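One-letter residues, chain by chain:
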Amino acid sequence: MVSRTLFISSLLISVSGSYAQTFDWTSVQASTNLSWVDCYDGFKCARLQVPLDYANEDGAKAGIAVIRYPSTATSDNYRGTVLFNPGGPGESGVTALQSVGPLFAQVIGSQYDIVSFDPRGVGVTLPRTEFFPTETERALWLADPTKFSHVINATHDSTLLPKMWANAQLLGQMAKDPDTAGMLQHVGTDNVARDMLRITEASGQDKLMFWGVSYGTALGATFAAMFPDRVERLVIDGVLDLEAYYSGDWRHQIEDADAALQTFFDGCVAAGPTLCAFYADSASEIQANLESLYASVLASPVLAYVEGSSTYGIVDFPVLKNAVKVSLYAPYALFATLAQGLAELQAGNGTTIYTMQLDNAPYECDCDGSAEPYGNAWETVYAVACGDAVENTASAAGLTAYWDEIKDTSSFADSLMFQYVGCSGWKVHREGRFMGPFGGNTSFPLLVIGNTADPVTPLSAAKKAAAAFPGAVVLTQDSPGHTSLAASSNCVYAHVQAYFQNGTLPEVGTVCSVESELFPANA
């Protein structure tokens, strides 16, 4: 069994901005079967042709980029294909599988091909979701905090929401107008679920085997609701509340975020000053010190600069808050770094904190036009999540009213606003898209996994999903972090392997401990 931690959250933070440059995807022609070619190091790649609009099979096509980590089993022991989705919406399965494919093969078993793909509009799948004519214009847009910010706190700046609302309307128009082919209306979750069925069938299987994490749980559960008789094995891990996701109101997704942060305070005290650089004698004192830093950078931002480096900026309130939030996704990987960064910030150095929360490497102009396709997860979040949801017609005043509703639900309420603000300007919603009901009797029961302190997909959502699909069982991992893959748990791995290989579900009420340490001695 796997003994190392699968830090999928930190992996996804790193892969969202770039693609491996060792394979030329332009050489792969789309076809209705999976014509595999060698790619990267030990992988196979193909491009599957599917209808852009499933209501018009003879119309325009999409070319789904698919990657396979091959089974090493003999033909007699081969068990089929397991699809993996790393979340998002907008994360590249092609990139993610290059990092986790061998580890997943250890967990699930070498009898299976591990397959992932870039969903519609993402990465090297064609056509791509792009809002700007050049990557340079995109970078300039993202650099303006009145156009995009991970943390939007209207209490600190009452003028911010009206500006962001106006820019959201502008972005929505900029995305819609160039889309003369109507691609954006077809990138939604229901069509990706249909693509998964086509990948499954092209792999020679009648029913889906799937492991989806984070947004991948919305994809998996949507598939199960749309095609309940086509489920062979289906694991959803770090579960979104589907009703909330499709309504466009995500306030409940952060109900365990403060509990996740509490594990930082408690873990730091337990680790001691040698292992936790932000140590104080009690958890409440550490919490107070963090609150003091929030107030300090709100009044006087701190420089983040390393001579000779292209990474530089300032640590203000949104940057610090986002760095803390990022650490909650992968606490076993990042809590020690967060503690070090907070201690440095107290001393006037913001470099570590600033670096922690960067989505991508610093932008550099592709002056000769030879760069690989850039990561477009940011665009796809809007195109998919906003396009999936009930249309958001909030005015600038409506955004302020929404902030007043949610601001006291969690100390991380300000991290929810970017989605609600962005969707208020989105203008592409396909009529007839699937929006429920979510649930049903599947041909095989689902395995549903949730952590006790997941910052963005609470355990309550896992329990709600399991209740909607009769026979589904919740497997609880007793840890902070986003999805079970944030920590190493041989207990969870054993149950996942038994489920895929034998169809064995855990006993109801099973709780798994983890082997990882929040502040390891070798950090």
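Residues numbered from 1 in each chain as written. Predicted model: local features only at pLDDT ≥ 70, side-chain atom pairs only at ≥ 80, totals over all residues. Heavy atoms only, no water.

> Please explain the sheet that holds strand E6 (residues 208-213) as it appears in this structure.
Each strand in a sheet pairs with its neighbour through backbone hydrogen bonds, running either in the same direction (parallel) or in the opposite one (antiparallel). If you walk across this open sheet you meet the 10 strands as E1-E2-E3-E5-E4-E6-E7-E10-E11-E12, and the pairing is mixed. Looking at the sheet topology across the chains shown, the edges are occupied by strand E1 (37-39) and strand E12 (511-512). Those strands touched by helix H6 (residues 215-226) are strand E4 (80-85), strand E5 (112-117), E6 and strand E7 (231-237), and its axis lies near 150 degrees from that of E7. Packed on one face of the sheet, helix H16 (residues 459-468) meets E7, strand E10 (447-453) and strand E11 (473-480) and runs near 160 degrees to E10. (Pairing = 2+ DSSP bridges. Helix = DSSP H or I, 4+ residues; strand = E, 2+ residues; numbered from the N terminus. Contact = heavy atoms within 4.5 Å. Axes fitted to C-alpha atoms, helices over the stretch in contact; angles between N-to-C directions.)

> Could you clarify how one ought to interpret the nonpolar core in this entry?
Nonpolar side chains tend to gather and get buried jointly when the protein is soluble and globular. Counting 127 residues, the largest nonpolar core has Phe-264 and Leu-320 as its most contacted members. When near neighbours in sequence (up to four residues on either side) are disregarded, Phe-264 contacts Phe-278, Ile-286, Phe-335, Leu-338, Ala-339, Leu-342 and Phe-519. Trp-25, Val-82, Val-94 and Val-235 belong to the second largest nonpolar core, which has 36 residues in total. (Core = buried A, V, L, I, M, F, W, Y, C linked by side-chain atoms within 4.5 Å. Buried < 20%, exposed > 50% of the residue type's maximum accessible area, 1.4 Å probe, protein only.)

> What am I meant to see in the state of the cysteines here?
One pass over the full model with this rule turns up four disulfides. Here Cys-386 engages in a disulfide with Cys-423; their sulfurs sit 2.0 Å apart. Here the S-S torsion is close to -85 degrees, and the disulfide linking Cys-386 with Cys-423 is therefore left-handed. With Cys-386 in helix H13 (residues 377-388) and Cys-423 in helix H15 (residues 417-423), this residue pair connects regions lying 37 residues apart in the sequence. Here the two residues Cys-386 and Cys-423 agree in accessibility, since each one is buried. Residue pairing for Cys-491: its cysteine sulfur links by disulfide to Cys-512, the two sulfurs lying 1.9 Å apart. Because the sign of the S-S torsion sets the handedness, a value of about -55 degrees for the bond joining Cys-491 and Cys-512 places this disulfide among the left-handed ones. Of this pair, Cys-491 sits in helix H17 (residues 490-502) while Cys-512 is found in strand E12, placing the two residues 21 residues apart along the sequence. (Disulfide = S-S within 2.5 Å.)

> I'm lost on empty space enclosed by the protein in this one. Help?
Empty space among the atoms becomes apparent when a probe as large as a water molecule is rolled across them. What the rule picks out here adds up to five cavities of 30 Å³ or more. In this structure, the largest cavity occupies an estimated 90 Å³ of space. Lining the largest cavity are 13 residues, and of these Lys-147, Ala-168, Tyr-382, Val-421 and Gly-422 sit closest to its centre. Elements supplying a minimum of two residues to the lining of the largest cavity: helix H4 (160-176), H13 and H15. By residue number, the principal contributor to the lining of the largest cavity is H4, which donates four residues. Residues that form the lining of the largest cavity fall into these classes: 10 nonpolar, two polar and one charged. What the second largest cavity holds in volume is close to 70 Å³. Considering the residues around the second largest cavity, the lining is formed by 14 residues, among which Leu-184, Gln-185, Gly-188, Gly-387 and Asp-388 are closest to the centre. Listing elements by their share of the lining of the second largest cavity, those giving two or more residues are helix H5 (189-202) and H13. For the lining of the second largest cavity, the element with the highest residue contribution is H13, accounting for four residues. (1 Å grid on protein atoms, 1.4 Å probe; cavity = no way out; pocket = protein on both sides within 12 Å on 5 of 7 lines; lining within 4 Å. Points joined across faces, edges and corners; volume = space filled by probe spheres on them. Nonpolar A, V, L, I, M, F, W, Y, C, P; charged D, E, K, R; others polar.)

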